[in-house]
Amino acid sequence: MIDPYLRTLLVIITIIAAAIAVMLLAMIWIRFITSINNHKYKQKEQEWQDIYLNYLLGDIDLEKAAGLIKGENRYYWLWTFFAPYLEVLTGNDFEKTKALCREIGLIDHYRKILFYSSTAGKAIAAKALGTMHCWQSVPEMKKLLQSDNQLLIQSAVYGLARSGEKSSFIPAVKALLNSTYFTYEGIIEMLTIYGERICPDALSFLKNPTMQQATGNDKINLSVYRSLMINLLGYFKYREALPFLKEMLKDADDETSVHIFKAFLNMKSVPPNLDLKPYLEHPYWVVRNFSAQAWKLTGDRETLPILEKLLSDKHWWVRFHAAEALRSAGEPGLKILNRKTADPDQKAAAISIYALNRNEVQMQI
């Protein structure tokens, strides 16, 4: 007679073995079906590519191209095919592709999903409709900005940005800052999808106290909004903002000053007649650091003595960028660096030697 404990153990082992066998069979089946589907898609892709290219070249018209593709009910296959083209094409080729997507029912399909589907479905639909520049879906995508779900907010911002709908820019900024946990850098990256078209709005925000007050009635400090707008202007090298940023710099706090100088560096330009002296002597070392970098954009010989003093700064990066600025100043700057190599202050001497050696290496290269 079998021991009861042994019988129980055998039953458990049998159940576990059966469960493992079922899982393995399921995995094999899924891989088999996936392989078949991939093979079928590749066949369809080649067929659609010939039709699509003939359509773009004008060899067949919209009605005929759509008729040859219509009937495919696996819309995710159609989206997989058209998405890479929609993401890179512009002008007439984009408009023709969008017209074909509308004609075969792809836009209508994702509009229905945006209305009625689950969270994941809505997220996919928002991205797809934005990529296809579906203006009719903008109101629904704007509503998604009020969601508590980060995935929906991210997808809505992407869709609105790709659609080119500028009026959603400020609401998108507010939603990302207040309702998501994305990093500051991640938010900047998402907003850049809007493109340079949002620069006038970003500048208007900085200029308009009323707009700032309306946006600032939330849990995010207003300085964060300002810094973000300044960074976007710098990212897109929007030099039309330079005169205003110069005025803004006069009363800016430490962090805002840093962001303004970063914008100057990204634009590779500074406002005319910018006086760097107050910033090279600024109490906050990061401002001194970035203003020393910005010196190269001015070449102001009157501030060379201040750069010389910065060679003794207690922060290495300030010393380094001051030395780099002097190295870029030509003969007057090189004379200062050569003289400072024998300076009693070891910090100034070391960074001067380092800068001059860098110069020699670059000249040899």
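Every chain is numbered on its own, with residues counted from 1 as its sequence reads. Whole-chain, interface and lining totals are the exception, using all residues; otherwise, since this is a predicted model, local features are given only for residues with pLDDT of at least 70 and side-chain atom pairs are given and counted only at 80 or more. Excluded from the side-chain calculations are hydrogens and water; all other atoms, namely the structure's heavy atoms, are used.

1. Observations regarding the overall build of the chain
1) Next: Numbered from the N terminus, helices here are DSSP runs of H or I no shorter than four residues, and strands are runs of E no shorter than two. Secondary structure assignment for the chain yields 21 helices and 0 strands.
2) Next: Radius of gyration here uses only the C-alpha atoms, and the compact-globule reference equals 2.2 Å multiplied by the residue count raised to the power 0.38. Here the C-alpha atoms of the chain give a radius of gyration of 30 Å, more than 25% beyond the 21 Å that 2.2 N^0.38 yields for 365 residues.
3) Next: Expressed as lengths along the three principal axes of its C-alpha atoms, the size of the chain is roughly 90 × 75 × 50 Å.
4) Next: Expressed as a percentage of the 365 residues in the chain, the buried residues total 44%.
5) Next: Whether two residues are in contact is decided by their heavy atoms, any of which lying within 4.5 Å being enough. Contacts in the chain between residues at least 24 apart in sequence constitute 64% of all its contacts with a sequence separation of at least 6.
6) Next: The accessible surface values rely on the Shrake-Rupley method and a 1.4 Å probe; as for residues, cover is taken only from the protein chains in view. Counting only carbon and sulfur atoms, one obtains 57% of the accessible surface of the chain, whose full area is about 19,800 Å².
7) Next: When the 43 basic and 38 acidic side-chain charges of the chain are each reduced to a single mean position, those positions are 2 Å apart. Exposed residues in this analysis have more than 50% of their type's maximum accessible area, buried residues have under 20%, and partly exposed residues fall in between, with area computed by a 1.4 Å probe over protein chains only. In this tally, Lys and Arg are treated as positive and Asp and Glu as negative; His is ignored, and so are the chain termini. By convention, the charge on Lys lies at NZ, on Arg at CZ, on Asp at CG and on Glu at CD.

2. A look at the packing of helix H15 (residues 254-267) against helix H17 (residues 285-294)
1) Next: For every element, the axis is a line fit to its C-alpha atoms; helices are fit only across the contacting stretch, and the angle between N-to-C directions ranges from 0 to 180 degrees. Closest axis-to-axis distance for the H15/H17 pair is 9 Å, and the angle between their directions is 20°. Taken together, the axes of H15 and H17 lie roughly parallel to each other. Every pair of crossing elements has a handedness; the one defined by H15 and H17 is left-handed. Contact residues: H15 offers Asp-254, Ser-257, Val-258, Phe-261, Lys-262 and Leu-265, while H17 offers Val-286, Val-287, Phe-290, Ser-291, Gln-293 and Ala-294. Every angle not falling under 35 degrees, over 145, or within 65 to 115 is termed oblique; those three ranges are roughly parallel, roughly antiparallel and roughly perpendicular. Note on convention: the crossing is left-handed when the near helix lies turned anticlockwise from the far helix by less than a right angle, right-handed when the turn is clockwise.

3. Concerning the layout of surface pockets
1) Next: Residues are said to line a cavity or pocket when one of their atoms sits within 4 Å of a point; the points come from a 1 Å grid over protein atoms alone, cavities being sets where a 1.4 Å probe fits but cannot get out and pockets being open sets with protein on both sides within 12 Å along at least five of seven lines. Grid points are joined across faces, edges and corners, and a volume is the space filled by probe spheres set on the points. Estimates place the volume of the largest pocket at around 180 Å³.
2) Next: As for the largest pocket, its lining consists of 13 residues, of which Leu-89, Thr-90, Phe-94, His-133 and Arg-162 are closest to the centre.
3) Next: Taken together, the elements giving at least two residues each to the lining of the largest pocket come down to helix H3 (75-88), helix H4 (91-103) and helix H8 (150-163).
4) Next: As a working rule, the residues Ala, Val, Leu, Ile, Met, Phe, Trp, Tyr, Cys and Pro are called nonpolar, Asp, Glu, Lys and Arg charged, and the rest polar, with Gly in that last group. Its residues placed into classes, the lining of the largest pocket shows 6 nonpolar, 3 polar and 4 charged.

4. Side note on unusual backbone geometry
1) Next: Of note in the backbone geometry, His-133 takes a positive phi value of approximately 55° without being a glycine.
2) Next: Among the structural elements, His-133 can be located in the loop between helix H6 (119-131) and helix H7 (138-144).
3) Next: In this model, Lys-268 sits at a positive phi of 55°, which is unusual for a non-glycine residue.
4) Next: We classify Lys-268 as exposed; its relative accessible area is 59%.

5. Let's talk about the packing of helix H2 (residues 62-69) against H4
1) Next: Close contact between H2 and H4 brings their axes to 9 Å; oriented N to C, the two are set at 50°. As summarised for this structure, H2 and H4 are arranged oblique, according to the angle between their axes. Judged by the sense of rotation from one axis to the other, the crossing of H2 with H4 is right-handed. Contact residues: Leu-62, Ala-65, Ala-66 and Ile-69 in H2; Ala-99, Leu-100 and Glu-103 in H4.

6. Structural notes on helix H5 (residues 106-116)
1) Next: All buried positions along H5 are accounted for by Leu-106, Ile-107, Tyr-110 and Leu-114. Axial view of H5: buried residues confined to an arc of 95°, hence all on one face.
2) Next: On the buried face of H5, the contacting elements are H3, H4, H6 and H7. Summarising the geometry, the arc corresponds to the directions from the helix axis toward the C-beta atoms.

7. Section: the side chain of Thr-180
1) Next: When you line up the elements, Thr-180 lands in the loop between helix H9 (169-179) and helix H10 (184-191).
2) Next: A distance of 2.5 Å separates a polar side-chain atom of Thr-180 from the backbone oxygen of Leu-176.
3) Next: In contact with Thr-180, not counting residues within four places along its chain, are Gln-150, Ile-153 and Ala-175. Polar contact is defined as a pair of N or O atoms within 3.5 Å, subject to the rule that within protein one atom must be able to donate a hydrogen and the other to accept it, and that residues adjacent in sequence are counted only when both atoms are side-chain atoms.

8. Remarks on the environment of His-282
1) Next: Structurally, His-282 is set in the loop between helix H16 (277-280) and H17.
2) Next: Separated by 91 residues in sequence, His-282 and Leu-191 place their C-alpha atoms 32 Å apart.
3) Next: Beyond its immediate stretch of four places on either side in the chain, His-282 contacts Asp-254, Val-287 and Arg-288.
4) Next: Looking at His-282, its side chain comes within polar contact range of the main-chain nitrogen of Tyr-284, at 3.0 Å.

9. Regarding the confidence of the model for the chain
1) Next: Per-residue confidence from the prediction method is given by pLDDT, with values spanning 0 to 100. Averaged over the chain, the pLDDT score is 88; the fraction of residues at 70 or greater is 93%.
2) Next: Helix H12 (residues 209-215) is the least confidently modelled element of the chain, averaging 66 in pLDDT, while H17 averages 97, the highest of any element.

10. Quick notes on the environment of Leu-265
1) Next: Within the element layout of this structure, Leu-265 appears in helix H15.
2) Next: Along the sequence, Leu-265 and Gln-293 sit 28 residues apart, while their C-alpha atoms lie 7.7 Å from each other.
3) Next: Excluding anything up to four places from it in sequence, Leu-265 contacts Phe-290, Gln-293, Ala-294 and Leu-297.

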